[in-house]
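For reference, the chains in residue letters:
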Amino acid sequence: MVGGLRSEDGGERATLAGWVHRRRDLGGLLFVDLRDRSGLVQVSFGPEWTDAASLEVARGIGHEDVILVAGTIAVRPDGARNADMATGEVEFRAENVEILSDARTPEIPVYRAPEDELPAEELRLQHRVLDLRRFELQQNLMLRHRLVLETRNYMDRHGFIEVETPILTKATPEGARDYLVPSRVHKGEFYALPQSPQIYKQILMVAGFDRYFQIARCFRDEDLRADRQPEFTQIDVEASFVTVDDILEWIQGLMASLAAVAGIDAPLPFPRLTWNESMERYGSDRPDLRYDLEIEDWTAATADVDFGIIRSQVNAGGRVRGVRLAGGASLSRRQIEEIENRAKASGAPGLLWAKRSEEGTSGPLGKFLDPAHADAMGLAVGDLALVSAGPDRLTSPTLAVVRAAAAATAQLPIVREHAWLWVTDFPVFDEENGVLFASHHPFVMPHLDDIGLLDTDPISVRGTAYDLVYNGTEFGSGSLRMHDPELQRKVLRVLGLDDAQIEEKFGFLLSALSVGAPPHGGIALGMDRIVQRFTGSMSLRDVVAFPKTTAARALFEGAPTSVGEGELEALGLTLRSKGRTES
RNA sequence: GGGGCUGUAGCUCAGUCGGUUAGAGUGCCGGUCUGUCACACCGGAGGUCGCGAGUUCGAGUCUCGUCAGCCCCGCCA
């Protein structure tokens, strides 16, 4: 490993191998920066210590060639040391050299000068083998390895065993589209790739593997984003005879261990908020708590404000809520508009605001306020209130965006650089256009106190579900599960499934739950996302060795591809149309 | 499915109002050089301006379409 050479190693004979990162040919002397994944070291060739034949070979060395050099590690002469280089005290004096592999001129450079831009991502993905030689990607994948290793060690220390579950499986009940794999033996039938090992891990609980985990590959056939890949890796965990507290303690311990590997703070225990509190105070179920800014309820404070929008929304049962930016009155109209635009971009109908100065209050809402109102809202001179009036369903997401945008625009101070949070007691159900659906997945154990509400008011049934949030990103999500097949059946019925559908989709789970199922629960954590955040990468593509593009293509290996008639026929398939331009 | 941005030499980019020979840096090839580390210096090669139509006397530049990459919305319960 070349990157670890130091002056103490001076005088030692050695043989080094690696890639030619950079070369400097001075005529008589020739320098090569030799690279492997540990770093760089300067190899020097000169007539005084390199044999003549090797000197000739060295002249022909090109970028990215793989070479083998034998010689001595030498402390560099005075004035020739490089303080910017970890190995800058030493150099390797090559006595002879062998080119193990001749590289063609690389399509994209591995070496980059300090100011150089990265090549276009399209090219970096096409020539992934070269891009993966980049220092940053090597660091990312090495950290990823250490995090996976620490996960396995931690889970093992806590008595969990890793069990592999199938990749060729049955369509799972998550909401995403499945990747399907045609069966050759059973023509016309398909396997699905797992969106998660959810049902398998529950069945493992019934089978008695009371503490399970898996570094599990999952697949979802949905459109992609910077933080979404069609295949991704979860730390999947399930345990029997446990409480929510047991799981949260194990997992926050795991996160603290992983964070320590990455050199990130994770003080235990992580704070907890119920879903209701989180929505009330931050408008979001994954608030970014790096900065302090909370939503306030100003319905009472504005009860006698004679402003049409407010009165009509409150009369319709809505509330007046908003965030108060201390000193925010200094924001320009343009900055406020920017916040408003971001709120609108995420579906908000509009945003009201009020500034308070020595002269009084101003702004679309401000002009309807008198000093007493401003006092009641806690709005001091110099403050800015950003306000949304309406039903919580609309104002919460709006204010969540406003909160984030305002924090960015007003450059609110970061009060904690690493903000960990548990959000608990997610509702079991959600609804859109009058249709009820499972807000997490349909196996979440409802709170025992709320089971009576299943028939009367399902929307208010709280679940034993929790999310792990780091700096506003959801790292993972879990719950206790229903181990009583009758309760499970009931929830599925509430979701609108009839008995035939329940049998077809969940029969094997219900059957398993009927042979003696222990109470159990677990969580799934997004490994890629954790590595992304820990490395500070902008994209998941920088923490996955061979990622897909946003159109789900693999540019390096060139997938997907069309297949021949013969292969289709063996699978019992015919294509309706060929090629990408027909639909 | 929708919106936006980008596409010029191997790579990173510039290219004026539509104008006749499309440039720079780097890389590549050749040469000089014994302490460089973004080595320096001299010389050279390298272009389907993503692709296809259209407008025009004339298109890298304007219009339409299309492909690819990226970002966002929908979607991912």
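This text goes with the structure placed above it.
In this report, we go over the structure that sits alongside the text. What you see is a predicted model; the values in this text were computed from it and never measured.

Attention shifts here to the overall build of chain A. Looking only at helices and strands, chain A has 16 helices and 22 strands in total. Each of the three principal axes of chain A carries a C-alpha extent, and together these read 95 × 75 × 55 Å. Per-residue burial for chain A yields a buried fraction of 47% across its 583 residues. In chain A, 68% of the contacts between residues at least 6 apart in sequence involve partners at least 24 apart. With the model as given, the accessible surface of chain A reaches about 28400 Å², and the carbon-plus-sulfur share is 51%. Between the averaged position of the 63 positive side-chain charges in chain A and that of its 88 negative side-chain charges there is a distance of 3 Å.

Right, let's get into the pattern of salt bridges. Per the stated rule, a full pass over the model turns up 42 salt bridges. Close ionic contact of Glu-136 with Arg-112 constitutes a salt bridge, the shortest N to O distance being 3.0 Å. Placement of the pair is Glu-136 in helix H4 (residues 135–157) and Arg-112 in the loop between strand E5 (90–101) and helix H2 (121–126), with a sequence separation of 24 residues. For Arg-112, a relative accessible area of 28% puts it in the partly exposed group. Linking Glu-296 and Arg-324 is a salt bridge whose minimum nitrogen-to-oxygen distance equals 3.8 Å. Within this pair, whereas Glu-296 is found in strand E12 (residues 295–297), its partner Arg-324 is found in strand E13 (residues 319–325), the two being separated by 28 residues in sequence. The exposure class of Glu-296 is partly exposed, given its relative accessible area of 27%. With relative accessibility at 27%, the residue Arg-324 sits in the partly exposed group. Several salt bridges converge on common partners, so that one network encompasses Arg-112, Arg-124, Arg-128, Asp-131, Arg-134 and Glu-136.

Okay, the sheet that holds E12 next. Here we have five strands laid out as an open sheet, ordered E12-E13-E16-E14-E15, and antiparallel in their pairing. Two strands close off the open sheet at either side, each with one partner strand: E12 and strand E15 (360–362). For this sheet the average axis-to-axis angle between neighbouring strands, irrespective of direction, equals 30 degrees. Sheet topology places strand E14 (residues 352–357) next to strand E16 (residues 384–390); four bridges connect them, and they run antiparallel. Across the sheet, the residue bridging to Trp-353 is Leu-386, located in E16. The sheet strands contacting helix H7 (residues 275–282) are E12 and E13, and the helix crosses E12 at an angle near 90 degrees. Its contacts with the sheet put helix H11 (residues 392–409) on E12, E13 and E16, and the angle it makes with E16 is roughly 160 degrees.

Taken together, 56 residues surround RNA strand B, and among them Asp-25, Ala-120, Glu-122, Gly-175 and Thr-550 come closest. If you look at RNA strand B and keep only atoms within 4 Å of the protein, 54% of those are sugar or phosphate atoms. At 3.4 Å, a backbone N or O of Arg-81 approaches a base nitrogen of RNA strand B. In this structure, Asp-223 approaches RNA strand B through a side-chain N or O atom, which is 2.7 Å from a base nitrogen. At four residues, the largest contribution of residues to the surface near RNA strand B is made by H2. For the surface near RNA strand B, a count of residues per class yields 23 nonpolar, 12 polar and 21 charged.

What follows concerns the nonpolar core. Counting residues in hydrophobic clusters, the biggest one holds 71 residues, and the most contacted among them are Ile-235, Ile-251, Met-255, Trp-420, Leu-468, Leu-525 and Phe-534. Counting 20 residues, the second-largest nonpolar core is a separate cluster that includes Val-41, Ala-58, Val-69 and Val-90.

With that settled, consider the sheet that holds E5. Spatially, the five strands close up into a barrel ordered E1-E2-E3-E5-E4, and their pairing is mixed. Looking at each pair of strands side by side, their axes are set apart by 55 degrees on average, direction ignored. Judged from the two bridges that link them, strand E3 (residues 39–45) and E5 form a sheet pairing that is parallel. Bridge pairing in E5 links Val-43 to Phe-92. On top of the sheet, helix H1 (residues 52–59) reaches strand E1 (13–25), strand E2 (30–36), E3 and E5; it is set at about 75 degrees to E5, its chief contact.

Now for unusual backbone geometry. Residue Pro-269 is reached from Leu-268 by a cis peptide bond, and omega for that bond is -5 degrees. Within the secondary structure layout, Pro-269 lies in the loop between helix H6 (244–262) and strand E11 (272–274). If you check the backbone angles, Glu-64 has positive phi at about 70 degrees while not being a glycine. Examined against the element boundaries, Glu-64 turns out to sit in the loop between H1 and strand E4 (66–75). Since its relative accessible area comes to 4%, Glu-64 is described here as buried. With a phi angle near 60 degrees, Asp-425 is a residue other than glycine that sits in the positive phi range. Position of Asp-425 relative to the elements: it lies in the loop between strand E17 (420–424) and strand E18 (429–432). Among the residues examined, Asp-425 registers a relative accessible area of 18% and is labelled buried.

Together, Val-129, Phe-546 and Phe-556 make up an exposed nonpolar region whose accessible area comes to about 280 Å². Summarising the element assignment, Phe-546 is placed in the loop between helix H15 (527–535) and helix H16 (565–570). Residue classification places Phe-546 among the partly exposed residues on the basis of a relative accessible area of 45%.

Counting across every chain of the model gives 12 aromatic pairs. Ring plane angle 70 degrees and centroid distance 5.9 Å describe the contact between Trp-420 and Phe-475, whose orientation is recorded as edge-to-face. Here Trp-420 is found in strand E17, whereas its partner Phe-475 is found in strand E21 (residues 473–481), with 55 residues between them in sequence. Judged by relative accessible area, Trp-420 falls into the buried class, the value being 4%. With 6.1 Å between their ring centres and 85 degrees between their planes, Tyr-470 and Phe-534 make a pair best called edge-to-face. Of this pair, Tyr-470 sits in strand E20 (residues 465–470) while Phe-534 sits in helix H15, and the two are 64 residues apart along the sequence.

Locating Lys-355 in the fold gives a position in strand E14. This buried residue, Lys-355, is left without a salt bridge; Glu-359 holds the nearest opposite charge, at 10 Å. Reaching out from Lys-355, the side chain makes a polar contact with the backbone oxygen of Ala-329 at a distance of 3.4 Å. In this structure the side chain of Lys-355 is engaged in a polar contact, spanning 2.8 Å, whose partner is the backbone oxygen of Leu-331. Discounting chain neighbours no more than four positions away, the residues touching Lys-355 are Ala-329, Leu-331, Ile-336, Gly-360, Thr-361, Ser-362, Asp-383 and Leu-384.

Definitions and cut-offs
Numbers given for residues are sequential positions, taken from 1 along each chain in its written order. Each chain takes a letter, starting from A, and each ligand takes a number, starting from 1, following the order in which they are written. This being a predicted model, a pLDDT of at least 70 is required before a residue's local features are given, and a value of 80 or more before pairs of side-chain atoms are given or counted; all residues contribute to the totals for chains, interfaces and linings. Side-chain metrics rest on all non-hydrogen atoms present in the structure, leaving aside hydrogens and water. For the purposes of this entry, the term helix denotes a DSSP run of H or I that reaches at least four residues, the term strand denotes a run of E that reaches at least two, and both are numbered from the N terminus. Three labels apply to residues, based on accessible area from a 1.4 Å probe with only protein chains included: buried if under 20% of the type maximum, exposed if over 50%, partly exposed otherwise in between. Contacts are assigned to residue pairs with any non-hydrogen atoms lying within 4.5 Å of each other. Using a 1.4 Å probe, the Shrake-Rupley method yields the accessible areas, and only the shown protein chains count as cover for residues. When charges are counted, Lys and Arg contribute as positive and Asp and Glu as negative, whereas His and the chain ends are disregarded. To locate a charge, take NZ of a lysine, CZ of an arginine, CG of an aspartate or CD of a glutamate. Salt-bridge detection follows one rule: a side-chain nitrogen of Lys or Arg within 4 Å of a carboxyl oxygen of Asp or Glu. Each pair of strands is called paired provided DSSP finds at least two bridges between the two strands. Helix axes are fitted only over the stretch in contact, all axes being lines through C-alpha atoms; the angle between N-to-C directions runs from 0 to 180 degrees. Here a residue counts as near a molecule or strand whenever at least one of its heavy atoms sits within 4 Å of it. Any N or O atom pair separated by 3.5 Å or less is treated as a polar contact, with the protein-specific requirement of one donor-capable and one acceptor-capable atom, and with residues adjacent in sequence counted only for side-chain atom pairs. Polar here means any residue outside two lists: the nonpolar Ala, Val, Leu, Ile, Met, Phe, Trp, Tyr, Cys and Pro, and the charged Asp, Glu, Lys and Arg; Gly therefore counts as polar. Definition used in this section: a nonpolar core is a set of buried Ala, Val, Leu, Ile, Met, Phe, Trp, Tyr and Cys residues joined via side-chain atoms within 4.5 Å. Patches here are clusters of residues that have more than 30% relative accessible area and form no salt bridge, with a 9 Å joining cutoff for like charges and a 5 Å cutoff for nonpolar side chains (Val, Leu, Ile, Met, Phe, Trp, Tyr). To pair, rings of Phe, Tyr and Trp, with the six-membered ring standing in for Trp, must have centres within 6.5 Å; the planes then decide the type, stacked if under 30 degrees apart, edge-to-face if over 60, and tilted in the middle.

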